[in-house]
Structure formats: C-alpha cells, structure tokens
Amino acid sequence: MPAILAIESSCDETAAAVCVDGMIKSNIIATQQVHQKYGGVVPELASRAHLQHIVPVVDEALNQSGLTIRDINAIAFTQAPGLIGALLVGAQFAKSLAMSLTIPLIAVHHMQAHVLANLIPEHKPGFPFLCLTVSGGHTQIVRCDSPLDMKVIGQTIDDAAGEAFDKTAKMLGLPYPGGPLIDKYAKEGNPHAYRFTEPQIPALDFSFSGLKTSILYFLQNAGKSNVYKETFLVSPEERQAFISANLNDICASVQERIISILLNKLRKASHETGIREICLAGGVSANSGLREAIKRIGSAEGWNVYIPAFEYCTDNAAMIAITGHYKFLASQFAPLDISPSARASW
Ligand code: KG4
Ligand code: ZN
C-alpha cells in the first residue's frame, strides 16, 4: 500500500500530489501568473517561481492528504521533458527529500504521466488502449499495453496542437495561453464559416505548421485570401475590424479544423490497430469541442471513450503520482544522482 508524494515542475505549473495505493488524496497546483504579460512562458521566470512555490505547494498537498512526510514511502518527480531550469528545481527538491527520508526516488516521464492520468478515475480503460495526448508541446497517439508498456505510434512532425491554439490566439490579439479563450469564443461561432485545409501527412503523424501559416495569411488579408501576398489586400484597421466582427466564427472554424486533424488520425489508428478503448490526455483535452467530438465519433465507431477530469488534463502532479504508484509496484526506482532532461524519449 505505497504512499507516494509527487512533484511536477516541467513548465509553468508548480504542483504536488499524494497518492495512497493508487488513490489520489490531494492534488495542488500553483499556476504561475508572471508569464501572462510576455505572451508565453519565460524559462528563467518559471525557475524562480518554482523556487518560491515548491515548499508551500508540497506542504499543502501533505496537509490535504491527512498524511505526514513520515508516512510517505517514495518521492516521484517529473524527470523529462520540459524546461531544464524548471525541471531542475523539482528534481533537486525530490532528490533532497528522498535522501533525507531514506526512501526511494521515482523518475517519471511527463508524457507517460499524461497518458496514465486515465488510470486515476475508478472507471478505467482496459488494455490495450490508444491515447491521443495533446498538449502545448506534444501531439501523440500512444498505444498502451500495460501501465508501463507504451509506445508512440504517431506524432507531430512540427508544431503541437496546443501551440496551434496558442499561436492562433496570439495572432488574434488574445492573451497567453490562448487555447481556453479560443474554446470560449468558438462556442458562440459557426465552425463552417471559414475553411482551412487539412494537411496530408503520411501514416499516423500530424502537422500543424501549415495550418498556422494559412491562418496568418487569412488574418493578414481579412479573410479575402489565405495565401501569401506581397502587399496585403487590406489596411491594418480593416484587418482589426474583420477580426473584431468575426472573432467567434474565426475561433470556431480554426478549432473545428484542429479537431478534425486530430480525430481523423485517431480514427485511422483505431482502424489499423483494431483497438477501441480510446483515451484523451494533455491540456488540449480540456477543449469542449474536442471532448464533444470524440464522444460523437466514439459512438459512431463503437469506441469506449475515457477523458480524465479537467484537473488531471492540464499539467498536474496527480498524474505523476499515479505513474509513480505503478513504478513503485514494479520496483522501478531511480538513482539519487539522476539528472533531469529537457528532451527525453521514453
Ligand atoms: O498539458 P499542458 O497543461 O502543458 C503542456 O505540457 O504543454 O497543455 C497546455 C496547452 C496549452 O497550449 C493550452 O492553450 C492548451 O493546453 N489548452 C487548451 C484548453 N485548455 C488548455 N486548448 C484548447 N482548449 C482548451 N480549453
Ligand atoms: Zn503537460
């Protein structure tokens, strides 16, 4: 009956969670506000904010769990991938705690943890399952044969889906992170108002950079063209007026295309593998249009669809804790001199 204390610090969320025998007892997240005015995460500011937040966040996770630090059997932490300075704060903290308590240390891959967030609820997918993991930095289709046996079978060859949401929002003059705002405006818009083409990418891979460029040209020319023009067809004032008047329809049409790119590949993966246990993971799985569309396609395709609760979709430490739980059961412990890594495949 392991009690795991988990720490997540890969990007701009400082998070800690406690899990006892695979049940999440607490899940604390401090989102760093300092980046908003810069339109994206500033790595050095993220590291400093992690240093400020980590002790209170871990304290609160322990308090809410009703456990004390002496009840903890192992410390799990995000070892990769992420911003190296941000990862270092969590890794040093986790290593120091494990060393001082003389308990095992568990290194967790952030993307593997996003997938395993699907094992937190009581109603869990059966194995094997497919997981579409969509976050700010990754877009993957993962085949999962057991908690610790998973393989990436498709991924983006350029930008991630979350990046497509955030960059579109930036072009529309919306603040970072723009994904949730596009979701909000899309609810009031017509998804078929404008048509952005779907990229033809082989196998189960994705691409979002062409879409991003066509949105840029589309906005530059106020919807009159989405190909490059040496001189824009409209003035900056007309462009701004076009965006303001059609914001809901633009957001709905972009969101519709991102969702269709994602779900057409997921459908292909299901047909190719014969797997109908289908999960969603990562920050973009908070998108209401994506959640509705996967359920709709799922019922047409005979899928059992699993979507983690909202707090387990975006970055959190509960997903690190549940992964730590399975690694503890498999005695997959890390040496105390392990280093974090900005980019690491699993
Ligand atoms: O998984 P996550 O919290 O962090 C990473 O590991 O990247 O994902 C963050 C991404 C951001 O791109 C954010 O805009 C996007 O998830 N996101 C959304 C929504 N909520 C978060 N994108 C679309 N609709 C949402 N409701
Ligand atoms: Zn993430």
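A quick note: this is a predicted structure, and the numbers were derived from the prediction, not measured. (Residues numbered from 1 in each chain as written. Chains lettered and ligands numbered in written order. Predicted model: local features only at pLDDT ≥ 70, side-chain atom pairs only at ≥ 80, totals over all residues. Heavy atoms only, no water.)

Chemist: Explain helix H8 (residues 288-301) to me, and be specific about the residues and the numbers.
Modeler: The end-to-end C-alpha separation of H8 is 20 Å, in line with the 20 Å expected for 14 residues at 1.5 Å each. Looking only at H8, the buried set comprises Ser288, Gly289, Leu290, Arg291, Ala293, Ile294, Ile297 and Gly298. Contacts from the buried residues of H8 go to strand E6 (129-134), helix H5 (179-186), helix H7 (236-273), strand E9 (277-281), strand E10 (304-306) and helix H9 (310-313). For H8, the side-chain oxygen to backbone nitrogen distance between the N-cap and glycine 289 is 3.0 Å, and the N-cap itself is asparagine 287. Positioned one or two residues after H8, glycine 302 has a phi angle of 75°, which is positive. (Helix = DSSP H or I, 4+ residues; strand = E, 2+ residues; numbered from the N terminus. Expected span 1.5 Å × (residues − 1). Buried < 20%, exposed > 50% of the residue type's maximum accessible area, 1.4 Å probe, protein only. Contact = heavy atoms within 4.5 Å. Polar contact = N/O pair within 3.5 Å; in protein donor to acceptor, adjacent residues only side chain to side chain.)

Chemist: Break down the packing of helix H4 (residues 161-171) against helix H6 (residues 209-220) for me, with residues and values.
Modeler: In a pair of packed helices, the angle between the axes and the distance between the axes together describe the arrangement. Contact pair H4 / H6: the axes reach a minimum separation of 10 Å and the direction vectors enclose 15°. Considering their axes alone, H4 and H6 lie roughly parallel with respect to each other. For the element pair H4 and H6, the recorded crossing hand is right-handed. Between H4, through Glu163, Lys167, Thr168 and Met171, and H6, the contact on the second element is made entirely by Lys212, Ile215, Leu216 and Leu219. Class assignment of the residues belonging to the contact of H4 with H6 gives a composition of four nonpolar, one polar and three charged. (Axes fitted to C-alpha atoms, helices over the stretch in contact; angles between N-to-C directions. Parallel < 35°, antiparallel > 145°, perpendicular 65-115°, else oblique. Left-handed = near helix turned anticlockwise from the far one by under 90°. Nonpolar A, V, L, I, M, F, W, Y, C, P; charged D, E, K, R; others polar.)

Chemist: So what's going on with the coordination of the zinc ion (ligand 2)? Residues and values would help.
Modeler: Binding of the zinc ion (ligand 2) to the protein goes through His110 (NE2), His114 (NE2) and Asp315 (OD), at separations of 2.1 Å. Every donor counted, the four donor atoms about the zinc ion (ligand 2) form angles of 93 to 145° at the centre, which fits irregular coordination. Here the donor residues of the zinc ion (ligand 2) share one chain and are spaced in sequence as H-x3-H-x200-D. You can see histidine 114 sitting in helix H3 (residues 110-116) and its partner aspartate 315 sitting in the loop between H9 and helix H10 (318-329), a full 201 residues away along the chain. For the pair histidine 114 and aspartate 315, a shared accessibility class is recorded, and that class is buried. (Donors = N, O, S within 2.8 Å, 3.2 Å for Na, K, Ca; no water. Tetrahedral: all angles 85-135°; square planar, octahedral: opposite > 155°, others 65-115°.)

Chemist: So, the sheet that holds strand E3 (residues 23-31): which residues are in play, and what are the values?
Modeler: An order of E3-E2-E1-E4-E5 is seen for the five strands of this open sheet, with the pairing classed as mixed. One side of each edge strand has no neighbouring strand; the edge strands of this open sheet are E3 and strand E5 (105-109). Between one strand axis and the next, the sheet turns by 20° as a mean value, whatever way the strands run. Both strand E4 (residues 74-80) and E5 contribute to a ladder of five bridges, which runs parallel. The residue bridging phenylalanine 77 from the neighbouring strand is alanine 107, located in E5. Running at roughly 25° to strand E2 (residues 13-20), helix H1 (residues 43-65) makes contact with strand E1 (3-8), E2 and E3 of the sheet. (Pairing = 2+ DSSP bridges.)

Chemist: Go over the state of the cysteines with me, naming the residues and quoting the values.
Modeler: The bond known as a disulfide is covalent and runs between the sulfur atoms of two cysteines. The final tally for this structure, using the stated rule, is zero disulfides. Not engaged in a disulfide, the cysteine cysteine 131 finds its nearest cysteine sulfur in cysteine 279; these two sulfurs lie 5.4 Å apart. Since its relative accessible area comes to 0%, cysteine 131 is described here as buried. Cysteine 131 provides the cysteine sulfur closest to cysteine 144, a residue in no disulfide bond, and the two sulfurs are 7.9 Å apart. (Disulfide = S-S within 2.5 Å.)

Chemist: Tell me about the pairing of E9, and name the residues and values.
Modeler: Burial runs high along E9: five of the five residues are buried. Side chains Glu277, Cys279 and Ala281 project from E9 onto one buried face, and the interleaved Ile278 and Leu280 project onto a second face that is buried too. With four bridges connecting them, E6 and E9 associate as parallel partners. Its bridge partner lying in E9, threonine 133 is registered against alanine 281.

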